[in-house]
Amino acid sequence: MGTWHTADTVRAEWPDAVQIDDGLLEQLVVVAQDAVLAYAPDLPAFTPTEDVPDQPIPDRYRVAQLIQVKNVWNAAIATASGDYGGDTYAIQPRPLDWHVKALLRPAVGRPRVG
């Protein structure tokens, strides 16, 4: 169990994030967290204490948030042809990719008889 990413923790875990402006990275972190919360199953009810002021979240939610930050950033720097870089930014809004979805809602095996 952990806490949500911040711009600082994203930079610590993703070296390429140093090229992203502070304000923009903060926005990406919030957008990614919102996307994770919208797709993920609800977390159980939680009552904060002095020792744990913020609701701990499963590690897979935190990893999914980091992956989504990268995905949104990559979508923002890709050109319409799918190339990265260049003089213009073309945002290609994408839903959560399958990696993120699998982290948030892991597949449950079902026995098959046949």
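Peer 1: Sorry, what's going on with the overall build of the chain here?
Peer 2: Looking only at helices and strands, one finds four helices and zero strands in the chain. Walking the chain from its N terminus toward its C terminus, one meets helices and strands in the order α-α-α-α. In the chain, which comprises 114 residues, the share counted as buried stands at 30%. Within the chain, contacts between residues separated by at least 24 positions form 59% of all contacts whose residues are at least 6 apart in sequence. Accessible area for the chain stands at about 7,800 Å²; split by element, carbon and sulfur atoms hold 56% of it.

Peer 1: Would you mind showing me how to read the packing of helix 2 (residues 22-39) against helix 3 (residues 59-77) here?
Peer 2: A packed helix pair is summarised by two numbers, namely the angle formed by the two axes and the spacing between the axes. Where helix 2 meets helix 3, the closest approach of the two axes is 8 Å, and the angle between their N-to-C directions is 125°. Here helix 3 runs oblique to helix 2, going by the angle between their axes. Between helix 2 and helix 3 lies a crossing whose hand is right-handed. Contacts between helix 2 and helix 3 involve Leu-24, Leu-25, Leu-28, Val-29, Ala-32, Gln-33, Ala-35 and Val-36 from the first element and Tyr-61, Ala-64, Gln-65, Gln-68, Val-69, Val-72 and Trp-73 from the second. Looking at the contact of helix 2 with helix 3, its residues break down into 12 nonpolar, three polar and no charged.

Peer 1: Looking at this model, I keep getting lost on the confidence of the model for the chain. Mind explaining?
Peer 2: Close reading of the predicted structure is inappropriate where its pLDDT is low. Put simply, the chain has an average pLDDT of 78, and 73% of its residues get 70 or more. Here helix 4 (residues 98-104) stands out as the least confident element of the chain, with mean pLDDT 73; helix 1 (residues 7-13) is the most confident, with 95.

Peer 1: What is the right way to look at the nonpolar core in this model?
Peer 2: Nonpolar side chains tend toward joint burial in soluble globular proteins. Core analysis: the largest hydrophobic core is formed by 13 residues, its most contacted members being Val-10, Trp-14, Ile-20, Leu-25 and Val-69. Of all the secondary structure elements, the ones that give two or more residues to this core are helix 1, helix 2 and helix 3. If near-sequence neighbours (up to four positions away) are discounted, Val-10 is found in contact with His-5, Ala-17, Leu-25, Val-29, Leu-66 and Val-69. Within the second largest apolar cluster, nine residues are counted, among which are Ala-40, Tyr-61, Ala-64 and Leu-104.

Peer 1: Honestly, helix 3 in this entry has me stumped. Any pointers?
Peer 2: Quick reminder: α-helices carry 3.6 residues per turn. Residues three or four places apart thus point the same way. A rise of 1.5 Å per residue sets the reference length of helix 3, with its 19 residues, at 27 Å; its end C-alpha atoms lie 28 Å apart and thus fit the reference within 8%. Residues of helix 3 that are buried include every one of Tyr-61, Arg-62, Ala-64, Gln-65, Leu-66, Gln-68, Val-69, Trp-73, Ala-75, Ala-76 and Ile-77, and no others. Next to the buried residues of helix 3 lie helix 1, helix 2 and helix 4.

Peer 1: Help me understand the environment of Asp-97 in this model?
Peer 2: Relative to the helices and strands, Asp-97 is located in the loop between helix 3 and helix 4. The exposure class assigned to Asp-97 is partly exposed, which follows from its relative accessible area of 23%. With 29 residues separating them along the chain, Asp-97 and Gln-68 place their C-alpha atoms 8.1 Å apart. Other than its neighbours up to four places away in sequence, Asp-97 contacts Gln-68 and Asn-71.

Rules behind the numbers
Residues numbered from 1 in each chain as written. Predicted model: local features only at pLDDT ≥ 70, side-chain atom pairs only at ≥ 80, totals over all residues. Heavy atoms only, no water. Helix = DSSP H or I, 4+ residues; strand = E, 2+ residues; numbered from the N terminus. Buried < 20%, exposed > 50% of the residue type's maximum accessible area, 1.4 Å probe, protein only. Contact = heavy atoms within 4.5 Å. Areas by Shrake-Rupley, 256 points an atom, 1.4 Å probe, with all protein chains shown as cover. Axes fitted to C-alpha atoms, helices over the stretch in contact; angles between N-to-C directions. Parallel < 35°, antiparallel > 145°, perpendicular 65-115°, else oblique. Left-handed = near helix turned anticlockwise from the far one by under 90°. Nonpolar A, V, L, I, M, F, W, Y, C, P; charged D, E, K, R; others polar. pLDDT = per-residue confidence, 0-100. Core = buried A, V, L, I, M, F, W, Y, C linked by side-chain atoms within 4.5 Å. Expected span 1.5 Å × (residues − 1).

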